[in-house]
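Residue strings, one per chain:
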Amino acid sequence: MPSYITVQKGGNGRYEEKKSVFLGEIRHVVSEEEALAFVRDIKKKHYDARHHCYAYRIGRTQPDLHASDDGEPSGTAGRPILDVLAGADVTDAVLVVTRYFGGTLLGTGGLVRAYTSAARDCLKQSVLVERRQGIRILLTAAYPDVGRIRHMTEERGIQVISSTYTERVQMECVLPEEDGDAFIREITDLTSGRTETEKTGLVWYDSRVFSAEN
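About the cut-offs
Residue positions are given per chain, counted from 1 along the sequence in the order it is written. Residues qualify for local features only when their pLDDT is at least 70, as the model is predicted, and side-chain atom pairs are given and counted only at 80 or more; totals for whole chains, interfaces and linings, by contrast, use all residues. For the side-chain quantities, the full set of heavy atoms in the structure was used; hydrogens and water were omitted. Under the scheme used here, helices are H or I runs from DSSP no shorter than 4 residues and strands are E runs no shorter than 2 residues, and both carry numbers assigned from the N terminus. Helix span, expected: 1.5 Å multiplied by one less than the number of residues in the helix. Think of it in three bands: with a 1.4 Å probe and only protein chains considered, a residue is buried below 20% of the maximum accessible area for its type, exposed above 50%, and partly exposed in between. The directions considered for the arc run from the helix axis to the C-beta atoms. Each aromatic pair joins two rings of Phe, Tyr and Trp (for Trp, the six-membered one) with centres within 6.5 Å, and gets the label stacked for planes under 30 degrees apart, edge-to-face for over 60, and tilted for any other angle. Whether a set of points on the 1 Å grid over the protein atoms alone is a cavity depends on a 1.4 Å probe fitting there but being unable to get out, while an open set qualifies as a pocket with protein on both sides within 12 Å along at least five of seven lines; lining residues are those with an atom within 4 Å of a point. Grid points are joined across faces, edges and corners, and a volume is the space filled by probe spheres set on the points. Residues are grouped as follows: nonpolar covers Ala, Val, Leu, Ile, Met, Phe, Trp, Tyr, Cys and Pro; charged covers Asp, Glu, Lys and Arg; every other residue, Gly included, is treated as polar.

Things to note about helix α1 (residues 32–45)
Right, on to step 1. A rise of 1.5 Å per residue sets the reference length of α1, with its 14 residues, at 20 Å; its end C-alpha atoms lie 20 Å apart and thus fit the reference within 8%.
Right, on to step 2. Looking at α1, one finds that the buried residues are A35, F38, V39 and I42. Along α1, the residues classed as buried sweep out an arc of 100 degrees about the axis, all on the same side. Exposed and facing more than 90 degrees away from the buried side of α1 are E33 and K44.

Pasting the structure below:
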């Protein structure tokens, strides 16, 4: 089943070493333009910081990747941030780590550790979501059948994304594409054929919300 993980609510990370402070921020984005705009916003916010290193992954199957060391030694900042995103399989996201220099050089190993730690802490403070490709199914039901349909969808964890009440009740459900035909048969049996069903197309939907700490 096609699926991907992205950021639902971005968090802030922090790491300190030898008086250098590393501040991480992450945001959901769907294009390079959005990612770079977020980087510019961070630079304005922390205008007095020395470095604003970042990485992004955009796309679902073969993500576009980019990493920037922003003046730090090559491979010590952007790549570690990108590795954190890739390790969590997070895409459609940009993560920026801002460094306030503390006056003491950390060396390449220290920098990799610091940028990795700030990025990981940022991800831990975020809310992630797994999105899956599903199918929308429109149900047109008689009022006496709505209660048992609701009970069945809640029991199975099937999302009802809209309901319209007129002479009959229209309920739009979303569920994994491969479960669509079985769901239709079950609704038909449950309501003795009184409910009309129609597949209305494919959609990406939130199937699981979780913390990176879990």
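Things to note about the packing of aromatic side chains
Right, on to step 1. Taken as a whole, this structure holds 4 aromatic pairs when the rule is applied.
Right, on to step 2. Ring geometry for F22 against Y115: centres 5.0 Å apart, planes inclined by 80 degrees, an arrangement best described as edge-to-face. One end of the pair, F22, is in strand β3 (residues 20–28); the other, Y115, is in helix α3 (residues 107–124), and 93 residues separate them in sequence.
Right, on to step 3. Given the relative accessible area of 0%, F22 is considered buried.
Right, on to step 4. Of the residues examined, Y115 reaches a relative accessible area of 0% and is grouped as buried.
Right, on to step 5. Consider the rings of Y143 and Y165, whose centres lie 6.2 Å apart with planes at 40 degrees: the pair is tilted. Separated by 22 residues along the polypeptide, Y143 in helix α4 (residues 143–156) and Y165 in strand β8 (residues 159–165) bring together distant segments of the chain.
Right, on to step 6. Take Y143: its relative accessible area is 40%, and that puts it in the partly exposed class.
Right, on to step 7. The exposure class assigned to Y165 is partly exposed, which follows from its relative accessible area of 48%.

Quick look at the layout of surface pockets
Right, on to step 1. Quantified by volume, the largest pocket comes out at close to 190 Å³.
Right, on to step 2. Along its surface, the largest pocket is lined by 13 residues, and R156, I158, L175, P176 and D179 are the ones closest to its centre.
Right, on to step 3. Among the secondary structure elements, those contributing two or more residues to the lining of the largest pocket are α4, β9 (169–176) and α5 (180–190).
Right, on to step 4. Considered class by class, the residues forming the lining of the largest pocket number 8 nonpolar, 2 polar and 3 charged.
Right, on to step 5. Of the pockets and cavities examined, the second largest pocket occupies roughly 160 Å³.
Right, on to step 6. Along the walls of the second largest pocket sit 13 residues, with V84, G87, A88, L123 and A212 positioned nearest its centre.
Right, on to step 7. When contributions to the lining of the second largest pocket are tallied by element, the ones reaching two or more residues are α2 (78–87), α3 and β10 (196–211).
Right, on to step 8. Grouping the amino acids of the lining of the second largest pocket by side-chain chemistry returns 7 nonpolar, 3 polar and 3 charged.

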